[in-house]
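Understanding the architecture of this molecule
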Amino acid sequence: MLVFILTSTISIAQEKVEYKNFPPEKVLIKVDKRTYVAGETLHFSASVFDASNLNPSTMSVPLYVDFIEPNSGTILKKWILKLKDGKAQFDYKIDVNLLTGVYGVRAYTNWSKNFTIPFLKFDVLGLYYDKEMVKIKVDTIIKFYQQPIAKVWNRVPFEVKDNFGNPIKATTYLVNSANDTILVSQTNQLGVGIIELNPSLHDQFQLKVGTKTLSFPQAIVEGSQLLIDKEDSTNTLRIRVQDTHTFKDTLTLLIHQRGQMINRLKIFPQKNSTKINLEVKDLEAGIINFSLMNKSSEVISQSMYYNDKLFLDFLQKELLLDAEIGESISNASVEDINRKLLISENKIYKTWKSSHKFAPPQQSIEVSGKLDLPKKVNLNQVKVLLLLEYPDSTLSKVSGVHIGSVEKDGTFYFSDLDFYDPGISSISAEVYNYKIPLTLNQEISEPFQPTENLLDWRLYLTPKAQEEIEKIRIVSYEEFRRMNMQQSKLLEEVTIKAKRDPKPVPMGLFSVEPAVMIDLTQRFWGNSFWNNQYYRVYVIPRLWQCTPTCVMKYYFDGMEIPSDNVGDINMFTIQRIDIYDTAQAAAFGANIVISFVSKGGTGGYRPSFSQFNRKNRYVLQGYYKAEK
């Protein structure tokens with residue numbers, strides 16, 4: 001394989017470039033443990049700092065904290081904390097009814113949302129976690145973060161993890177179509193590896209890791225790429241701008257660090273590769289961001305490099321790295337950190353946003369902002385529009401365009417917005433085709449995009465781990481029982497009035513297998529039917545499918561009950577919950593039917609009550625007297 005690489009080299013020194021600058025605000029969050037038992041207390045702390053000088057931020061006072069179930073993206077609890085000297089902390093007693101799973105917290109201020117929103121995951125073991133244990137199936141996941149460009153030197157980073165998210169340190173083999181080993185490499189402790197190669201357009205490779213084999217990305221004809229290296233024993237970064245487009249365009253390389261512009265360099269790529277030398281001796285410690293833009297100001301390639309300094313203490317490295325990337329990497333070596341940066345999102349500093357991402361479903365959302373109105377403008381002529389851009393417009397259940405209301409001071413808002421599908425909303429304002437600048441107020445942060453988060457049971461199956469967890473669980477369960485006893489009321493008097501209900505009850509529904517059967521003898525539901533994970537997992541998705549004209553009916557041991565009475569059912573007395581939908585539920589004039597089978601009712605798939613009980617069914621009216 002014979003490949004020609006065209007190269008030119010230029011050198012630059014650091015020059016002072018003056019730009020209007022807004023201090024970037026970042027948040028570093030910590031919790032005291034990585035595993036909690038339901039009922040335990042979580043200790044949360046946050047540091048909000050000015051990323052340009054690492055000093056405590058004075059820009060923000062409220063800090064918003066969300067407690068999230070990542071698999072669904074549901075915000076379980078929200079707090080607003082008052083920052084003092086850039087710090088805030090609190091203790092939260094985890095709900096004893098919380099189910100076993102992966103959870104997390106995120107924290108942000110209104111200003112820090114423009115830069116990054118940190119999210120920290122941890123495991124929660126429910127009080128009955130041993131009944132929820134699943135058989136461990138370990139798999140190897142390989143992910144590539146760069147597509148190679150034909151006929152130039154490429155650096156393709158990849159990540160190897162197991163299906164629980166743990167990094168895998170392993171030897172990898174790059175083989176060609178003839179099964180010959182081309183390159184042997186090693187992933188580091190963070191699970192990140194690098195393949196460096198100069199492929200032709202038709203080369204086909206595979207990457208082997210243990211017993212796992214994955215096709216290597218195919219080389220593309222044209223493209224752009226940034227390669228950053230530090231020369232040994234020097235303070236010089238060697239930057240290679242690879243650009244193989246047939247029609248060469250003037251490129252711009254932006255170099256910025258901690259919110260400040262270091263250099264803005266025009267590049268005229270006459271050849272496929274341009275080399276640039278950057279002196280970093282006088283630069284601050286921290287991540288240097290490189291952004292390559294084309295003539296249309298579109299970012300076509302990005303890269304990052306961590307500039308280390310000997311005088312940094314541990315807290316400063318956490319602020320510079322962990323708060324920036326959103327993961328704990330400050331303990332790693334400089335080489336491993338820079339490998340991790342190859343697969344991390346490169347944050348471009350922004351001072352405002354004109355679009356807002358929504359995670360479905362969200363209802364009754366309000367979006368507001370402020371217009372930078374020109375002088376002597378007629379507000380009646382100003383139009384503020386919100387356009388919903390869905391990947392598949394046929395999925396949208398709402399109008400694609402919304403018209404906002406505008407106040408005299410330039411404040412605009414859209415209210416009662418409902419979002420049912422993934423998408424982006426873009427906002428624009430104009431008067432007589434003149435575009436009006438605007439700033440968007442985001443009362444809620446950018447929503448969490450649900451991903452599959454699995455609990456790694458390998459961490460908790462050792463005898464020592466189970467012994468420690470059991471001690472905590474006993475304490476949590478006793479506290480739960482004590483609080484339950486305090487909240488319960490003594491039933492002193494019950495009066496029952498009954499009359500025969502001659503209305504026959506159809507039996508067909510309860511003699512067939514339901515769409516979902518939840519055995520509560522094997523799973524802990526909690527006190528309430530509404531506030532639990534099974535309701536969110538099994539019922540809410542069915543509600544979305546039939547919204548907005550969804551009809552639900554509820555049965556208790558075969559007898560229909562009003563929805564208002566469902567919350568009064570003591571879930572500890574329920575043996576099974578059956579969920580019926582589609583044609584089964586349609587037979588009862590509903591989209592969804594929820595059937596509760598009490599521990600005194602019948603089990604299996606037999607009718608929930610006998611023919612004898614059906615003949616003697618009564619409507620009961622009762623009350624209890626709590627005071628003498």
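Since the model is a prediction, treat every value here as computed from it, not as a measurement.

**Brief notes about the overall build of the chain**
- Counting its secondary structure elements, the chain contains 7 helices and 39 strands.
- The burial tally for the chain puts 45% of its 628 residues in the buried class.

**Observations concerning the environment of Lys151**
- Assignment of secondary structure puts Lys151 in the loop between strand 10 (140–144) and strand 11 (154–162).
- Residue Lys151 is classed as exposed on the basis of its relative accessible area of 53%.

**What about the pattern of salt bridges?**
- Considering all chains together, one arrives at 21 salt bridges under this definition.
- With its nearest N and O atoms 2.9 Å apart, the salt bridge here joins Arg155 to Glu196. Of this pair, Arg155 sits in strand 11 while Glu196 is found in strand 14 (residues 192–197), placing the two residues 41 residues apart along the sequence.
- By relative accessible area, which is 34% here, Glu196 ends up partly exposed.
- With a shortest N-O distance of 3.8 Å, Arg240 and Asp229 are connected by a salt bridge. Of this pair, Arg240 sits in strand 18 (residues 236–243) while Asp229 sits in strand 17 (residues 224–230); the two residues are 11 residues apart in sequence, bridging distant segments of the chain. No difference in accessibility class separates Arg240 from Asp229, as the two residues are buried.
- Salt bridges sharing common partners tie together Arg155, Glu196, Asp229, Arg238 and Arg240.

**As for the packing of aromatic side chains**
- If you walk through the whole model with that rule in mind, you get 13 aromatic pairs.
- Between Phe67 and Tyr103 the ring centres are 5.9 Å apart and the planes differ by 35 degrees, which places this aromatic pair in the tilted class. With Phe67 in strand 5 (residues 62–69) and Tyr103 in strand 8 (residues 101–108), the pair connects residues that are 36 residues apart, well separated along the chain. We note that Phe67, like Tyr103, is buried.
- Ring centres 6.3 Å apart and planes at 15 degrees place the aromatic pair Tyr129 and Trp457 in the stacked group. Placement of Tyr129 in helix 1 (residues 129–132) and of Trp457 in the loop between strand 32 (438–441) and helix 4 (463–487) is noted, with a sequence separation of 328 residues between them.
- For Trp457, a relative accessible area of 5% corresponds to the buried category.
- Members of the aromatic cluster, each reached through a chain of ring pairs, are Tyr36, Phe44, Phe67, Trp79, Phe90, Tyr92, Tyr103 and Phe122.

**Re the pairing of strand 22 (residues 286–293)**
- When you tally the buried positions in strand 22, you get 8 out of 8 residues, the bulk of the element.
- Where strand 19 (residues 251–257) lies against strand 22, 6 bridges are found, and the strand directions are antiparallel. Paired with Leu253 across the bridge in strand 22 is Leu292.
- Both strand 22 and strand 23 (residues 299–307) contribute to a ladder of 8 bridges, which runs antiparallel. Within the sheet, the bridge partner assigned to Ser291 lies in strand 23 and is Gln302.
- Turn length for the strand 22-strand 23 hairpin, with the two strands adjacent in sequence and antiparallel, is 5 residues, and the turn residue Ser297 shows positive phi of about 65 degrees.

**Focus: unusual backbone geometry**
- Positive phi values are uncommon outside glycine, yet Asp85 reaches one of about 55 degrees.
- Topologically, Asp85 is positioned in the loop between strand 6 (74–82) and strand 7 (87–93).
- On the accessibility criterion, Asp85 (61% relative accessible area) is exposed.
- Not every positive phi belongs to a glycine, and Lys151 is a case in point at roughly 70 degrees.

**Considering helix 2 (residues 314–325)**
- The end-to-end C-alpha distance of helix 2 is 16 Å, a good match for the 16 Å that 12 residues give at a rise of 1.5 Å each.
- Among the 12 residues that make up helix 2, 9 are buried, leaving the element largely enclosed by the rest of the structure.
- The set of residues buried in helix 2 consists of Lys317, Glu318, Leu319, Leu320, Leu321, Asp322, Ala323, Glu324 and Ile325.
- Where helix 2 is buried, its residues meet strand 2 (25–31), strand 4 (41–50), strand 22, strand 23 and helix 3 (334–342).
- You can read the cap of helix 2 off the contacts: a side-chain oxygen lies 3.3 Å from the backbone nitrogen of Leu315, and it is on Asp313.

**Describing the sheet that holds strand 2**
- Read across the sheet, 3 strands follow the order 2-4-7 without closing on themselves; strand pairing throughout is antiparallel. With partners counted over all chains shown, the strands left at the sheet margins are strand 2 and strand 7, one partner each. Across this sheet, the average inter-strand angle for adjacent strands is 20 degrees, counted without regard to direction.
- Pairing geometry for strand 2 and strand 4, over 7 bridges, is antiparallel. Looking across to strand 4, one finds that Val27 is bridged to Val48.
- Sheet strands in contact with helix 2 are strand 2 and strand 4, and its direction is about 100 degrees off that of strand 2.

**Description of helix 3**
- Looking at helix 3, one finds that the buried residues are Asp336, Ile337, Asn338, Arg339, Lys340 and Leu341.
- Buried positions along helix 3 lie against strand 11, strand 13 (181–186), strand 14, strand 22, strand 23 and helix 2.

**Details of the side chain of Thr172**
- With respect to the secondary-structure elements, Thr172 resides in strand 12 (residues 171–176).
- Here Ser185 takes part through its side chain, which lies 2.5 Å from a polar atom of the side chain of Thr172.
- Setting aside anything within four residues of it in sequence, one finds Thr172 in contact with Phe158, Leu183, Val184, Ser185, Gln186, Thr187, Leu207, Lys208 and Val209.

**Structural notes on the confidence of the model for the chain**
- Summary statistics for the chain give a mean pLDDT of 78 and a share of 78% for residues scoring 70 or more.
- Predicted confidence for residues 489–497 stays below pLDDT 50, and this span has 21 contacts to residues more than four positions away or in other chains.
- Scored below 50 in pLDDT, residues 602–628 shows 68 contacts in the model against residues more than four places distant or in partner chains.

**Digging into the environment of Ile68**
- Mapped onto the elements of the fold, Ile68 is located in strand 5.
- Taking the relative accessible area as the measure of exposure, Ile68 reaches 0% and is therefore buried.
- Each C-alpha atom of the pair Ile68 and Val102 lies 9.3 Å from the other, and the pair is 34 residues apart in sequence.
- Discounting chain neighbours no more than four positions away, the residues touching Ile68 are Gly73, Thr74, Ile75, Tyr103, Gly104, Arg106, Phe119 and Phe448.

Procedures and definitions
- Residues numbered from 1 in each chain as written.
- Predicted model: local features only at pLDDT ≥ 70, side-chain atom pairs only at ≥ 80, totals over all residues.
- Heavy atoms only, no water.
- Helix = DSSP H or I, 4+ residues; strand = E, 2+ residues; numbered from the N terminus.
- Buried < 20%, exposed > 50% of the residue type's maximum accessible area, 1.4 Å probe, protein only.
- Salt bridge = Lys/Arg side-chain N within 4 Å of Asp/Glu carboxyl O.
- Phe/Tyr/Trp six-rings, centres within 6.5 Å; stacked < 30°, edge-to-face > 60°.
- Pairing = 2+ DSSP bridges.
- Expected span 1.5 Å × (residues − 1).
- Contact = heavy atoms within 4.5 Å.
- Polar contact = N/O pair within 3.5 Å; in protein donor to acceptor, adjacent residues only side chain to side chain.
- Axes fitted to C-alpha atoms, helices over the stretch in contact; angles between N-to-C directions.
- pLDDT = per-residue confidence, 0-100.

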